[in-house]
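Examination of the molecular architecture
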2 protein chains.
Amino acid sequence: MAEHKTITAALIIIGNEILSGRTQDANLAFLGEQLNELGVRLREVRVIPDVEDTIIETVNTLRQAFDYVFTTGGIGPTHDDITSAAIAKAFGTELARHPEAEALLLGHYKPEDVTPARMKMADIPVGATLLDNPVSKAPGFRLENVHVLPGVPRIMQAMFKLFSHELVGGEPVLAASITSRVPEGTMASKLGEIQDSYPDADIGSYPFIKDGRAGACFVVRHPNKQTVNAAAEEIVEAIRGFGAEPEADERP
Amino acid sequence: MAEHKTITAALIIIGNEILSGRTQDANLAFLGEQLNELGVRLREVRVIPDVEDTIIETVNTLRQAFDYVFTTGGIGPTHDDITSAAIAKAFGTELARHPEAEALLLGHYKPEDVTPARMKMADIPVGATLLDNPVSKAPGFRLENVHVLPGVPRIMQAMFKLFSHELVGGEPVLAASITSRVPEGTMASKLGEIQDSYPDADIGSYPFIKDGRAGACFVVRHPNKQTVNAAAEEIVEAIRGFGAEPEADERP
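Counting starts from 1 at the beginning of each chain's written sequence and moves along it residue by residue. By the order in which they are written, chains take letters starting at A while ligands take numbers starting at 1. At least 70 in pLDDT is required for a residue's local features to be given in this predicted model, at least 80 for side-chain atom pairs to be given and counted, and no such filter applies to totals for whole chains, interfaces and linings, which use all residues. Calculation of side-chain values draws on the structure's entire complement of heavy atoms; hydrogens and water are dropped beforehand.

What follows is about the pairing of strand β10 (residues 202–210) of chain A. Residues and elements named next belong to chain A. In terms of strand pairing, β10 meets strand β11 (residues 213–222) through 9 bridges, oriented antiparallel. The partner of Phe-208 across the bridge, within β11, is Gly-215. The turn linking β10 back onto β11 is made up of 2 residues, and Asp-211 within it adopts a positive phi angle of 50°. For two strands to be treated as a pair, DSSP must find no fewer than two bridges joining them. Each helix is a run of H or I in the DSSP string that is no shorter than four residues. Each strand is a run of E no shorter than two, and both are numbered from the N terminus.

What follows is the structure in structure tokens.
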């Protein structure tokens, strides 16, 4: 553990529609899982409105605090898509027509669909590197450690998979989940003891109610497989000590 | 509009399981919709890990910046439930056994289930007001403008509905949604003009892909019904101008 630097990330979800409850975000869960596999720990997520000052302040705070920052939302063709301009301001750079992005869009749209609004998607902060969009062509971009992605999950996910190999991660964290119908209150004391035996493991308890009965899923996280397995085995023993058996994993 | 103060809120989602992507949050969408109906604007959401210093700093930043703050997660019986203690520290107060909370738990559990771990859920920051839990009894609490709730959506929602009438909202924001298969890039210019005609309305464009075809949902938000309807009617006319008709609402 000690030889490895922990690599951290933050996600900024930009969009009034998420805050109003109208749209259920799907990007956080995707990025959390993907980054974890790459050995990057997603440490903070902020959901903010389409307000320029808020975007600028949030980006500038988080890009200092984390190794990687990802933003989703606000890079489309309409008047409420203000992320690219706000990112340029956050970095003190200009927004300018990017020749490669322009060529991508001109090659994608029929001539009658080439509108000023669509070509706005070729305006990229100066100094940024484009991130390819295999679905609808309009690119995202990376500026230093900030990766600017669209909000539509299918497009965001396809783009992430094209550049994720470039992210430099630390040690991946391995996890084991053990679900049972022993309530977490019953397990709590024993679980605390197990946590104390493995102080650098992260042991979480996630209660649920299903078919009118309480249960809990216990998750052990640690970079070392032996440690994960040993702690998980102690949790299984504790569950059996309460006369129950582990069940198929529940994802509440 | 000008006579009404805008009432704002922030939500803090506390939990490693959300950041790891293991658990899909469901509390943001619920609270966003409910607060909107009460005339409270959810302006920021932060998802943070179960780390005491992070909880303290986040709570203290957001409770100054917003009229209401809600937290979800971390008030159960296990070792990783550290929210109540962190909130006490954020407010510079003590965590102490709350007689009413204690009585609720003692009345709920069978004698053999009364464990120190479960009774930890009766430790509440001094000065807080309990928030009733009609599902599993262990209460949440309110300290000044901060409402501390559990993470399990069913319990959180039941609790919110018991105290939400006490929240003092401003003017509710009304919304109209218009969905069509006219791509947002085609509508963008016209939509920008409509936004300019209704500068204090919030007009959003949310693209989607369904059955392999692009479409977009346009949402108009404003406290005044006439304004919402007038802007929505102009959007419908614009869609017809592109030879299409509005369709049933899509929620991407």
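What follows concerns the domain arrangement of chain A. Boundary definitions for the domains trace back to an automatic or database domain assignment. The domains assigned to chain A are domain 1 (7–166) and domain 2 (174–241). When each unit is reduced to the centre of its C-alpha atoms, the spacing between domain 1 of chain A and domain 2 of chain A is 37 Å.

Turning our eyes to something else, we now look at the sheet that holds β11(A). All names here are of chain A. Strand order in the open sheet made by the 3 strands is β9-β11-β10, with antiparallel pairing throughout. Looking at strand neighbours, the two that pair on one side only are β9 (174–180) and β10, the edges of this open sheet. Recorded for the sheet is a direction-independent mean angle of 20° between the axes of neighbouring strands. Here 7 bridges tie β9 to β11, and the two strands are oriented antiparallel to one another. Bridge pairing in β11 links Leu-174 to His-222. Contacts are assigned to residue pairs that have any heavy atoms within 4.5 Å of one another. The axes used here are C-alpha line fits, helices contributing only the stretch in contact, and every angle between their N-to-C directions lies in the interval 0 to 180 degrees. Across the face of the sheet, helix α9 (residues 225–241) comes into contact with β9, β10 and β11 while running at roughly 10° to β9.

All names here are of chain B. Positive phi, normally seen in glycine, also occurs at Lys-137, with a value near 75°. Considering the arrangement of structural elements, one finds Lys-137 in the loop between β6 (129–131) and β7 (140–143). Although it is not a glycine, Asp-211 sits at a positive phi angle of roughly 50°. Looking at where Asp-211 falls in the secondary structure, it is placed in the loop between β10 (202–210) and β11 (213–222). Per-residue accessibility, obtained with a 1.4 Å probe over protein chains only, is compared with the maximum for each type, and a residue is labelled buried under 20%, exposed over 50%, and partly exposed between these values. Here Asp-211 falls in the exposed class, since its relative accessible area comes to 69%.

Our focus in this paragraph is the nonpolar core. What is meant by a nonpolar core is a set of buried Ala, Val, Leu, Ile, Met, Phe, Trp, Tyr and Cys residues, joined one to another through side-chain atoms within 4.5 Å. One finds Leu35(A), Phe70(A), Phe160(A), Leu35(B), Phe70(B) and Phe160(B) to be the most contacted residues of the largest nonpolar core, which totals 50 residues. If we skip the residues at most four places from it in the chain, Phe70(A) touches Ala9(A), Ala10(A), Leu11(A), Ile12(A), Leu31(A), Leu35(A), His147(A), Leu149(A), Phe160(A), Phe163(A) and Leu167(A).

Attention now moves to the packing of helix α2 (residues 27–37) of chain B against helix α7 (residues 153–163) of chain B. All names here are of chain B. Relative orientation of the contacting elements α2 and α7 amounts to 15°, with a least axis distance of 10 Å. Taken together, α2 and α7 sit at an angle that is classed as roughly parallel. Note on packing geometry: the crossing formed by α2 with α7 is right-handed. In this structure, α2 contributes Asn-27, Phe-30, Leu-31, Gln-34 and Leu-35 to the contact, and α7 contributes Pro-153, Met-156, Gln-157, Phe-160 and Lys-161. To sort the angles, those under 35 degrees are grouped as roughly parallel, those over 145 as roughly antiparallel, those from 65 to 115 as roughly perpendicular, and the leftovers as oblique. By the definition used in this description, the sense in which the near helix is turned from the far one sets the handedness, with an anticlockwise turn below a right angle giving left-handed and a clockwise turn giving right-handed.

Further remarks concern empty space enclosed by the protein. In this analysis a 1.4 Å probe is tested at points of a 1 Å grid over the protein atoms alone, and where it fits but cannot get out there is a cavity; an open set with protein on both sides within 12 Å along at least five of seven lines is a pocket; lining residues have an atom within 4 Å of a point. Grid points are joined across faces, edges and corners, and a volume is the space filled by probe spheres set on the points. A full pass over the atoms with the stated rule returns 1 cavity of 30 Å³ or more. If you add up the space inside the largest cavity, you get close to 140 Å³. Within the residue set of the lining of the largest cavity, elements represented by two or more residues are α2 (27–37) and β2 (40–48) of chain A together with α2 and β2 (40–48) of chain B. Tallied by class, residues from the lining of the largest cavity come to 12 nonpolar, 4 polar and 2 charged. Amino acids are sorted into nonpolar (Ala, Val, Leu, Ile, Met, Phe, Trp, Tyr, Cys and Pro), charged (Asp, Glu, Lys and Arg) and polar (every other residue, Gly among them).

We now examine the sheet that holds strand β9 (residues 174–180) of chain B. Residue and element names in this part refer to chain B. Ordered in space as β9-β11-β10, the 3 strands form an open sheet in which the pairing is antiparallel. At either end of the open sheet lies a strand with only one pairing partner, and these are β9 and β10. Across this sheet, the average inter-strand angle for adjacent strands is 20°, counted without regard to direction. The strands touched by helix α8 (residues 184–197) are β10 and β11; relative to β10, the strand with the most contacts, the crossing angle is about 170°.

A regular strand places its side chains so that they alternate between the two faces of the sheet. A large share of β2(B) lies buried, amounting to 7 of its 9 residues. Relative to β2(B), β2(A) runs antiparallel, the two being bridged by 3 bridges. Bridging across to β2(B), Val47(A) finds its partner in Val45(B).

What follows covers the pattern of salt bridges. It is possible for side chains bearing opposite charge to pair when their charged atoms get close. All names here are of chain A. Whenever Lys or Arg places a side-chain nitrogen within 4 Å of a carboxyl oxygen from Asp or Glu, that contact is recorded as a salt bridge. On inspection of all chains with the given rule, the structure shows 19 salt bridges over all chains. Residue Lys-190 is joined to Glu-193 by a salt bridge in which the shortest nitrogen-to-oxygen separation is 3.5 Å. Taken together, the positions of Lys-190 and Glu-193, both in helix α8 (residues 184–197) and 3 residues apart, correspond to about one turn of that helix. Taking the relative accessible area as the measure of exposure, Lys-190 reaches 38% and is therefore partly exposed. A cluster of three or more residues bridged by salt bridges with shared partners is formed by Arg-97, Glu-102 and Asp-123.

Let us now look at the relation of the copies chain B and chain A. Overlay of chain B on chain A (RMSD 0.0 Å): rotation 180°, translation along the axis 0.0 Å. Here the transformation between the copies is reduced to the relation of a two-fold axis. Closest to the rotation axis within chain B is the C-alpha of Arg46(B), separated from it by 2.2 Å. An overlap of 100% is found between the interface residues of chain B and their copies at the interface of chain A, pointing to a shared contact surface. Fitting of the copies onto one another was done by least squares over C-alpha atoms, counting residues only where both copies have pLDDT of at least 70.

Attention now moves to the environment of Val219(A). With respect to the helices and strands, Val219(A) occurs in strand β11. Residues Val219(A) and Gly204(A), spaced 15 residues apart in sequence, show a C-alpha to C-alpha distance of 5.1 Å. Residues contacting Val219(A), with those up to four places away along its chain left out, are Ala175(A), Ala176(A), Ser177(A), Asp202(A), Ile203(A), Gly204(A), Tyr206(A) and Arg22(B).

Another aspect to go through is the side chain of Asn16(A). Tracing the backbone shows Asn16(A) in helix α1 (residues 16–19). With relative accessibility at 16%, the residue Asn16(A) sits in the buried group. Pairs of N or O atoms are called polar contacts if they sit within 3.5 Å, as long as, within protein, a hydrogen donor faces a hydrogen acceptor (for residues adjacent in sequence, only side-chain-to-side-chain pairs). A polar side-chain atom of Asn16(A) sits 3.3 Å from a polar atom in the side chain of Asp202(B). With residues up to four places along the chain from it excluded, the contact list for Asn16(A) reads Pro49(A), Asp50(A), Asp202(B) and Tyr206(B).

What follows deals with α8(A). Think of an α-helix as turning once every 3.6 residues; residues three or four places apart then point the same way. All names here are of chain A. Here, expected helix span is obtained from the residue count minus one, scaled by 1.5 Å. Its 14 residues place the ends of α8 18 Å apart at the C-alpha level, agreeing with the 20 Å of an ideal helix rising 1.5 Å per residue. Bend at a residue means the angle formed by two fitted axes: the first through the 7 residues ending at that position, the second through the 7 residues beginning there. In α8, a bend of some 35° at Lys-190 exceeds every other bend along the element. Listing the buried residues of α8 in full gives Glu-184, Gly-185, Met-187, Ala-188, Leu-191, Gly-192, Ile-194 and Gln-195.

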